[in-house]
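Residue-level listing of the chains:
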Amino acid sequence: MKIALDTLRHSVQRRFAALGLLCGLAITVTWWLLVARTVWIAIEWASA
């Protein structure tokens, strides 16, 4: 029984670890896209 519980726990931990990494990556990419868009708008506004 303990082996089954350990296997289940490791499986859940791996899935949440992967989900956490994907969420972190998505947040980072979104942040940099917002920064790039803001810089682009500032450059266009300054050159107008």
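Residues numbered from 1 in each chain as written. Predicted model: local features only at pLDDT ≥ 70, side-chain atom pairs only at ≥ 80, totals over all residues. Heavy atoms only, no water.

**Q** So what about the overall build of the protein? Which residues, and what values?
**A** Along the protein, the regular secondary structure elements total one helix and zero strands. Reported as C-alpha extents along the three principal axes, the dimensions of the protein are approximately 70 × 5 × 5 Å. A total of 48 residues make up the protein; the buried ones form 2% of that total. (Helix = DSSP H or I, 4+ residues; strand = E, 2+ residues; numbered from the N terminus. Buried < 20%, exposed > 50% of the residue type's maximum accessible area, 1.4 Å probe, protein only.)

**Q** With reference to specific residues and values, describe the pattern of salt bridges.
**A** According to the stated counting rule, one finds two salt bridges in the structure shown. With its nearest N and O atoms 3.6 Å apart, the salt bridge here joins Lys2 to Asp6. On the criterion of helical spacing, the pair formed by Lys2 and Asp6 is a turn pair, its members being four residues apart in helix H1 (residues 2–47). Given a relative accessible area of 61%, Lys2 falls into the exposed group. (Salt bridge = Lys/Arg side-chain N within 4 Å of Asp/Glu carboxyl O.)

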